[in-house]
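This is what each chain is made of:
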Protein chains: 2
Amino acid sequence: MAIAEIVESYNHYVKKIMDFNEAIALAEWDMRTGAPKKGISQRSEVVGTLSDEVFQRSTSDEMKAYIDALSDPSVQDQLSIVTKKMIEKSKKTYDRFVNIPAEENKAYVILQSEAQSVWQEAKVKSDFALLRPYLEKMVDFKRRFIGYWGVKENKYDALLDLYEPGLTTEMIDKVFGKLRKGLIPLVEAVSTSKAQPEKTFLTEPFPVDKQKEFCLHLLKEIGYDFEAGRLDETEHPFETTLNPGDVRVTTNYQENDFISTVLGTVHEGGHALYEQHISRELVGTPLCEGTSMGIHESQSLFFENFIGRSKAFWDCHFDELKRYGHGQFDRVSLDDFYRAINSAHPSFIRILADELTYPLHIMVRYDIEKALFNDDLQVKDLPGVWNKKMNEYLGITPTNDREGVLQDIHWPSGDFGYFPSYALGYVYAAQFRYTMSQDIPDFDDHVRTGNLQVVTEWLSKHIHQFGSLKKPLEILHDTTGEGPNPQYLLDYLADKYSDIYRL
Amino acid sequence: MAIAEIVESYNHYVKKIMDFNEAIALAEWDMRTGAPKKGISQRSEVVGTLSDEVFQRSTSDEMKAYIDALSDPSVQDQLSIVTKKMIEKSKKTYDRFVNIPAEENKAYVILQSEAQSVWQEAKVKSDFALLRPYLEKMVDFKRRFIGYWGVKENKYDALLDLYEPGLTTEMIDKVFGKLRKGLIPLVEAVSTSKAQPEKTFLTEPFPVDKQKEFCLHLLKEIGYDFEAGRLDETEHPFETTLNPGDVRVTTNYQENDFISTVLGTVHEGGHALYEQHISRELVGTPLCEGTSMGIHESQSLFFENFIGRSKAFWDCHFDELKRYGHGQFDRVSLDDFYRAINSAHPSFIRILADELTYPLHIMVRYDIEKALFNDDLQVKDLPGVWNKKMNEYLGITPTNDREGVLQDIHWPSGDFGYFPSYALGYVYAAQFRYTMSQDIPDFDDHVRTGNLQVVTEWLSKHIHQFGSLKKPLEILHDTTGEGPNPQYLLDYLADKYSDIYRL
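Definitions and limits used
- Residues numbered from 1 in each chain as written.
- Chains lettered and ligands numbered in written order.
- Predicted model: local features only at pLDDT ≥ 70, side-chain atom pairs only at ≥ 80, totals over all residues.
- Heavy atoms only, no water.
- UniProt positions renumbered as here; feature names shortened; annotations may be inferred.
- Helix = DSSP H or I, 4+ residues; strand = E, 2+ residues; numbered from the N terminus.
- Expected span 1.5 Å × (residues − 1).
- Buried < 20%, exposed > 50% of the residue type's maximum accessible area, 1.4 Å probe, protein only.
- Contact = heavy atoms within 4.5 Å.
- Salt bridge = Lys/Arg side-chain N within 4 Å of Asp/Glu carboxyl O.
- Polar contact = N/O pair within 3.5 Å; in protein donor to acceptor, adjacent residues only side chain to side chain.
- Nonpolar A, V, L, I, M, F, W, Y, C, P; charged D, E, K, R; others polar.
- Lys, Arg positive; Asp, Glu negative; His and termini not counted.
- Domains from an automatic or database assignment.
- Buried area = accessible area lost by both parts, 1.4 Å probe.
- Pairing = 2+ DSSP bridges.
- Axes fitted to C-alpha atoms, helices over the stretch in contact; angles between N-to-C directions.
- Core = buried A, V, L, I, M, F, W, Y, C linked by side-chain atoms within 4.5 Å.

Per an unreviewed UniProt entry, chain A is named Metal-dependent carboxypeptidase, and its organism is Sporolactobacillus kofuensis. Chain A has a UniProt comment under Catalytic activity (unreviewed entry) that states "Release of a C-terminal amino acid with broad specificity, except for -Pro." If you open the UniProt record of chain A and go to Function (unreviewed entry), you find "Broad specificity carboxypetidase that releases amino acids sequentially from the C-terminus, including neutral, aromatic, polar and basic residues."

Printed below as a string of structure tokens:
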């Protein structure tokens, strides 16, 4: 068969897998946004059937034949860059799954489901002992999987690669080390500053329907295309992509905490912009998604923090906010508002942490994950190590495991290696912010006058359009001229928080 | 392999097909209720991929092997009734599709899509000539399909069997003949009666949010389970079943026509009750759905007409309606309201027709379909025959094809044989109503006091629970002791309309 025919047949084969993935994404969106509860268990079986289909097709002999034929060095000059990258990704998925015995993978999936369920109970009871045996099994599974993948040296790198391809423990150690060294004294200075912002007006009741209107307005302002998406309400906000013409976001309205709702919505909007702007040429290929968790997070954090928590943004939108509110901001100045939404202090719960202390929460988890897989840290020792690290990095010690080691669902879900992407995304975002301000010297003026189009066009041109055509480090190098460098984030935070806390 | 093992394997195989069908139903619900428009074309491809998968699996060699093994007379005494009925249905689907050449089926599906699109244009322009070539091709396809199915005698019976298995032209001729003979003079008497109901208050503005609240309330009143369903808004109301724990309905709010909204919602609610009450033992089998279009329609029409347009129902709910309204019913008596919502007169558009004239609209279509397939009626002659029949049955003649032969999407969609089910369902519903009133002599009192539980329990016991375990005629015989008999409907209509129009 001619190469062009193999490529066509491969494209067709892969497109079907993508269609199944879209059906799965829709079923999951539906279950989270409003599917009636009595239909959920049968719906889960639908997701299981479709996932199994994706797994079978991704690891089939037919897939292997495509990979072999199109990886052959002799045919490379006949392939487009898109085909080459597609094959690379198909091969990665194939290799990742095909070496794991089917029975073992099935047992792993069942453990995931059980461990998540036990985790919820353990968290409520603040009882790590309940979760411990499940977590031990989970770590054992992961260690075995790494073995099946043939990794012997730096085992944790194999997990990082699942979420942030190309990044290594060596690189992250450097980035996090430098970041931590700069952050710890800054957090301390902020904590002990006498100039603490007043923020009681942030927790006054703000009617949910008005919050919703304001969120819809802000999503439009940042360029979210409602003809290619919709906003719904869920307990935990998320973004999900059905296809680039259907990128949905959700938020959670809290009457006494509107700013979390607003910035959470803008955060998900940032994820959504990435997906809405992926080149339509990539639809139906595995490249039609954000290239890594870290680059994705860089987009959401860019909008949440560098736009949504900036003075220029509220210069533009504070008067509007007042109109959506009911007088609670009448005696609040723009400066007071800006300081209030940026107040920072060490706290126990990652997802409620402010932008200053957030990276330190990640480092606690990174250190622990790395030691679990590369050194000989035991699961039983996690609560102790957690509390020790929290004290070391944030100067506070959890009083129980619910506000400590049990707070996140990632480990019971088997998602070891995921956490670093959150902080890396933040580092990337600061780098993008710096480069953008070089390219667009009047950046702040644009934000102040509501002209965010210039911002999204820049992001789209350098990042969004490529989907997974470029790896994270390629995006970073091509856009900023260097690898991950935490200095930009440190400079930004030092600048901003010196101002807010009058340091 | 032991029979029990084959059955288990077959069940597993069929369950996967049902899971794909659920994913398709969800994708279609989503496209109709709020999917962003830029994602629709890719979503349609997802539906295509999943439908293709269902088709492949339903006509596979593996399916044939199950059918052959489990249809063997020697194993029948080892099979449960559920397995026997499942195999019967799988075989019917298999036979229906496997004899149609794949290329021809594909061309048919493409024609369906084109013809529907052309139909919309033809309807807007009221120009039958535009649609005619597509309709001719559609009829040719259907005639060839009937040939592939090996049917030679009464070809239209083969189409009826798709929607109302067991019913034949011979039976329907008798039922419709008798019904028409009774209806035509009744319609005439009503049309010429001097006692025409006053109904201007029905078209006064009724705020949409209040209509919605009232619809939600009435759905609960008829027993719709919101933990196993939800109500959304669409241009055309429909009911769709994901699984019996997830049976969704939609409605369309019209500010100046609340009664259509309310009764339309109750109609869809009737469909939904059927599906919500199917025995959970049938989940994951092809029997887990209403047994025919006619029996389904009998349930929706039961609730729309025999409950929703009854005096007893409004005796219970008219005061509530007044509270949801804003004074427009203050000077309207219950009797006036009852007469207004039951006013009847010949009209052109089927979906807007009242319960008295509705069956005559169906008979126009039935006569035409039958002649197209059993006699030699040509597509080019449809507009003329349509107008002649309308005049004959309803005494009015459409002035253009938009309000005549072009009004329905069924024929451009290839759904010949579907229409009779609407009127048959109505006939069945009247029979169920009669039998129920024998079983529950104080039926009206229950409706009047809002105790509809006794009604839904009766329907559930005799009809709903069986899903497709029983054929339409079996349901009818087992429940009412006879076959389709239009006398009950005629008696009901004569009674009701003599009262309303003081005949």
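Next, the rest of the story.
J.: When you look at helix 5 (residues 102-125) of chain B in this model, what are you seeing that I'm missing?
T.: Side chains of residues three or four places apart in an α-helix project in the same direction, reflecting 3.6 residues per turn. Residues and elements named next belong to chain B. End to end, helix 5 covers 35 Å across 24 residues, agreeing with the expected 34 Å (1.5 Å per residue, within 8%). Within helix 5 the residues assigned to the buried category are Glu-104, Asn-105, Tyr-108, Leu-111, Ala-115, Val-118, Trp-119 and Ala-122. Those residues of helix 5 hidden inside the fold are in contact with helix 2 (40-58) and helix 6 (128-148). At the C-terminal side of helix 5, Ser-126 shows a positive phi close to 50 degrees.

J.: Explain the pattern of salt bridges to me, please; I cannot follow it from the model alone.
T.: Where side chains of opposite charge bring their charged atoms close, a pairing between them can arise. Counted under the stated rule, the structure contains 76 salt bridges over all chains. Arg-230 of chain B is paired through a salt bridge with Asp-232 of chain B; the nearest N and O atoms lie 2.9 Å apart. With respect to class, Arg-230 of chain B is no different from Asp-232 of chain B; both count as buried. A cluster of three or more residues bridged by salt bridges with shared partners is formed by Glu-22, Asp-246 and Arg-248 of chain A together with Asp-30 and Arg-43 of chain B.

J.: What should I look at first to understand the interface of chain B and chain A in this one?
T.: Contact residues are listed per partner, giving 38 residues for chain B and 38 residues for chain A. Applying the counting rule to chain B against chain A returns 18 salt bridges. One can count 32 residue pairs in polar contact (both at pLDDT 80 or more) joining chain B with chain A. Those elements that provide at least two residues to the side of chain B that touches chain A are helix 1 (3-33), helix 2, strand 2 (239-243) and strand 3 (246-251) of chain B. Ranked by residue count, the leading element in the side of chain B that touches chain A is helix 1 of chain B, at 11 residues. Partitioned by chemical class, the residues of the side of chain B that touches chain A number 13 nonpolar, 8 polar and 17 charged.

J.: In this structure, what is going on with the side chain of Glu-268 of chain A? I would like to understand it.
T.: All names here are of chain A. Inspection of the secondary structure assignment puts Glu-268 in helix 10 (residues 258-276). No salt bridge is formed by the buried Glu-268, whose closest oppositely charged neighbour, Arg-32, lies at an N-O distance of 8.4 Å. Other than its neighbours up to four places away in sequence, Glu-268 contacts Pro-237, Phe-238, Glu-239, Val-249 and Thr-250.

J.: Before we go on, may I ask you to explain the domain arrangement of chain A in this structure?
T.: Size of an interface, as often reported, equals the accessible area lost when the parts are brought together. All names here are of chain A. Domain parsing of chain A yields domain 1 (1-98) and domain 2 (200-344 + 424-481). Placing the centre of domain 1 and that of domain 2 at their C-alpha centroids yields a distance of 30 Å. On the domain 2 side, the residues contacting the 16 residues of domain 1 number 22 residues. Between domain 1 and domain 2 lies a buried interface of about 1,700 Å² when both sides are counted; carbon and sulfur atoms form 65% of it. Three residues stand out in domain 1 for area buried against domain 2, namely Trp-29, Arg-32 and Lys-89, and they jointly supply 37% of the buried area on that side. For Lys-89, the salt bridge identified is with Glu-289, shortest N-O distance 2.6 Å.

J.: It is not clear to me how the sheet that holds strand 3 (residues 246-251) of chain A should be interpreted in this structure. Could you clarify?
T.: Within a sheet, each strand pairs with its neighbour through backbone hydrogen bonds, oriented either parallel or antiparallel. Residues and elements named next belong to chain A. Spatial ordering of the open sheet is given by 1-3-2, a layout of 3 strands whose pairing is mixed. Across the chains shown, the open sheet's two edge strands, defined by having one partner strand only, are strand 1 (231-233) and strand 2 (239-243). Within this sheet the neighbouring strands show an average axis-to-axis angle of 30 degrees, counted without direction. Taken together, the 3 bridges between strand 1 and strand 3 define a ladder with parallel strand orientation. The partner of Leu-231 across the bridge, within strand 3, is Val-249. Relative to the sheet, helix 10 contacts strand 1, strand 2 and strand 3, its axis offset from that of strand 3 by approximately 170 degrees.

J.: Can you walk me through the nonpolar core in this structure?
T.: Nonpolar side chains tend to gather and get buried jointly when the protein is soluble and globular. Phe-302, Phe-337 and Leu-382 of chain A together with Phe-302 and Phe-337 of chain B are the most contacted members of the largest nonpolar core, which totals 319 residues. Per element, the largest residue contribution to this core is 15 residues, and it comes from helix 1 (residues 3-33) of chain A.

J.: Is there a simple way to think about the sheet that holds strand 1 (residues 231-233) of chain B in this case?
T.: Residues and elements named next belong to chain B. Taken in spatial order, the 3 strands line up as 1-3-2 in an open sheet, and their pairing is mixed. Each edge of the sheet is formed by a strand with only one pairing partner; in this case those strands are strand 1 and strand 2. Averaged over all adjacent pairs, the angle separating strand axes in this sheet is 30 degrees, with direction ignored. Its contacts with the sheet put helix 1 on strand 1, strand 2 and strand 3, and the angle it makes with strand 2 is roughly 140 degrees.

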